[in-house]
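# Inside the fold
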Amino acid sequence: MRLDARIDKGIDHIHQQHNQAENQTQQKHAAHDDGIIAAVDRAGHVAADTGDGEHVLDDDRAAEHHAHAVADDGDNRNQRIGQRMFEQHFTNARNAGLKVGVYFFSQAVNENEAREEAQGCAYVLNGRKLDYPIYFDTEASGGSNGRADGLGVEDRTKCAIAFCEEVKAQGYQPGVYASTLWFRKRIDLNRLKSYSIWNAHYNVAGSPIACDMWQGTCTARIPGYGGQIDVNISYVG
């Protein structure tokens with residue numbers, strides 16, 4: 001592990017429905033009260049492939065929906081969806097005094113698409129500063145037709161690098177998120193060591209690979225919030 005700075009505890013956050021906004025605000029403040037000082041929010045994701053494989057990024061629609069629905073090709077094919085609750089997540093995290101970073105659940109299948117995803121993050125952020133990186137989140141889609149699920153190590157690694165280099169070009173710090181298994185079997189970690197590494201591995205005392213941030217559980221509970229949360233340990237302050 002990279003232990004050149006103090007250890008901080010944080011949470012990461014995905015989509016919640018609009019009628020849960022009050023609970024989400026409660027979560028942020030409860031986290032702060034429990035000594036958690038950071039939140040990593042999802043800036044967006046790409047829907048699974050249900051059509052002809054077209055990959056679309058529509059900035060006009062993004063502007064219209066204020067990053068709530070970044071793009072839709074109009075025919076229920078590969079929708080690029082900005083995190084609909086991202087604006088509330090980001091604002092509430094800041095208001096609770098938390099440090100903030102973001103991640104993008106990638107479904108890019110080539111380098112150009114990965115660069116588009118990074119550009120989408122920058123678009124949603126709209127110049128706002130971050131305390132933590134923008135992470136390329138690579139993991140299984142959880143369905144049967146995730147468009148990037150079948151990528152080989154070489155192509156997945158190229159996508160991660162393209163995303164991270166574009167994040168740098170946009171003025172942000174890049175990183176890569178994956179599980180230990182994926183870092184060992186599905187992507188070439190050795191080629192990613194110049195970027196921040198965020199590793200997910202549950203039910204262990206610490207990350208088995210060198211990382212800047214370790215996600216150790218997805219079922220944590222904190223006083224003041226009724227739901228379960230992911231908890232991460234940051235080794236970079």
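Because the structure is predicted, anything quoted here is derived from the model rather than measured.

Turning next to the pattern of salt bridges. Counting across every chain of the model gives six salt bridges. With a shortest N-O distance of 3.0 Å, Glu87 and Arg128 are connected by a salt bridge. Taken as a pair, Glu87 in helix H3 (residues 86-95) and Arg128 in the loop between helix H4 (111-125) and strand S5 (134-137) lie far apart in primary sequence, 41 residues in all. Arg128 sits in the partly exposed class, given a relative accessible area of 23%. Glu154 is the partner of Arg191 in a salt bridge, and the nearest nitrogen-oxygen pair spans 2.8 Å. Within this pair, whereas Arg191 is found in the loop between helix H6 (180-185) and strand S7 (196-200), its partner Glu154 is found in helix H5 (residues 153-169), the two being separated by 37 residues in sequence. Since its relative accessible area comes to 37%, Glu154 is described here as partly exposed. Put simply, Glu154, Lys158 and Arg191 are held in one network by salt bridges that share partners.

Now for the nonpolar core. Among the nonpolar cores identified, the biggest contains 40 residues, and Leu125, Leu130, Ile134, Phe163, Val176, Phe183 and Leu192 are the most heavily contacted of them. Looking at this core, the elements that each hand over two or more residues are H3, strand S4 (99-105), H4, S5, H5, strand S6 (174-179) and H6. For Val176, the contacting residues outside a window of four places in its chain are Tyr135, Phe136, Thr138, Ala160, Cys164, Phe183, Ile187, Leu192, Ser196, Ile197 and Trp198. Counting residues in hydrophobic clusters, the runner-up holds six residues, among them Tyr103, Tyr135, Trp198 and Met213.

What follows covers the side chain of Gln215. For Gln215, the position within the fold is in strand S8 (residues 213-220). Within the local environment of Gln215, its side chain forms a polar contact with the side chain of Tyr177, the two groups lying 2.9 Å apart.

Attention now moves to the packing of aromatic side chains. In the structure shown here, the tally under the stated rule is five aromatic pairs. With centroids separated by 5.9 Å and ring planes inclined at 80°, the aromatic side chains of Tyr103 and Trp198 adopt a geometry described as edge-to-face. With Tyr103 in strand S4 and Trp198 in strand S7, this pair connects stretches of sequence that are 95 residues apart. Comparing Tyr103 with Trp198 shows no difference in burial state: the two are buried. In this structure Trp198 comes out as buried when scored by relative accessible area, which is 1%.

Another aspect to go through is the pairing of strand S9 (residues 229-234). Among the six residues that make up S9, five are buried, leaving the element largely enclosed by the rest of the structure. Here five bridges tie S8 to S9, and the two strands are oriented antiparallel to one another. Across the sheet, residue Gln215 finds its bridge partner in S9, namely Asn232.

We now examine the pairing of S5. Of the two faces of S5, the one holding Ile134 and Phe136 and the one holding Tyr135 and Asp137 are both buried throughout. Taken together, the four bridges between S4 and S5 define a ladder with parallel strand orientation. By the bridge assignment for S5, Tyr103 is matched with Tyr135. Considered for its hand, the β-α-β crossover made up of S4, H4 and S5 is right-handed. Pairing between S5 and S6: four bridges, direction parallel. In the sheet register, Tyr135 faces S6, and the bridge partner there is Gly175. Handedness of the S5-H5-S6 crossover: right-handed.

Moving on, we come to the packing of H4 against H5. The geometry of a pair of packed helices is captured by two quantities: the angle between their axes and the separation between those axes. At a minimum axis separation of 8 Å, H4 and H5 run at an interaxial angle of 35°. In the packing of H4 onto H5, the handedness of the crossing is right-handed. Each of Glu111, Ala114, Arg115, Glu117, Ala118, Gln119 and Cys121 in H4 lies in contact with H5, whose residues at this interface are Lys158, Cys159, Ala162, Phe163, Glu166 and Val167. Of the residues in the contact of H4 with H5, the class split is seven nonpolar, one polar and five charged.

Helix length check: H4 (15 residues) gives 21 Å between terminal C-alpha atoms against 21 Å at 1.5 Å per residue, within 8%. Among the residues of H4, Glu113, Ala114, Glu117, Ala118, Gly120, Cys121, Ala122, Val124 and Leu125 are the ones counted as buried. The N-cap residue of H4 is Asn110: its side-chain oxygen and the backbone nitrogen of Asn112 are 3.2 Å apart. Phi turns positive one or two residues past the end of H4, at Asn126, with a value near 55°.

Analysis parameters
Residues numbered from 1 in each chain as written. Predicted model: local features only at pLDDT ≥ 70, side-chain atom pairs only at ≥ 80, totals over all residues. Heavy atoms only, no water. Salt bridge = Lys/Arg side-chain N within 4 Å of Asp/Glu carboxyl O. Helix = DSSP H or I, 4+ residues; strand = E, 2+ residues; numbered from the N terminus. Buried < 20%, exposed > 50% of the residue type's maximum accessible area, 1.4 Å probe, protein only. Core = buried A, V, L, I, M, F, W, Y, C linked by side-chain atoms within 4.5 Å. Contact = heavy atoms within 4.5 Å. Polar contact = N/O pair within 3.5 Å; in protein donor to acceptor, adjacent residues only side chain to side chain. Phe/Tyr/Trp six-rings, centres within 6.5 Å; stacked < 30°, edge-to-face > 60°. Pairing = 2+ DSSP bridges. Right-handed = clockwise from strand over helix to strand, strands pointing away. Axes fitted to C-alpha atoms, helices over the stretch in contact; angles between N-to-C directions. Left-handed = near helix turned anticlockwise from the far one by under 90°. Nonpolar A, V, L, I, M, F, W, Y, C, P; charged D, E, K, R; others polar. Expected span 1.5 Å × (residues − 1).

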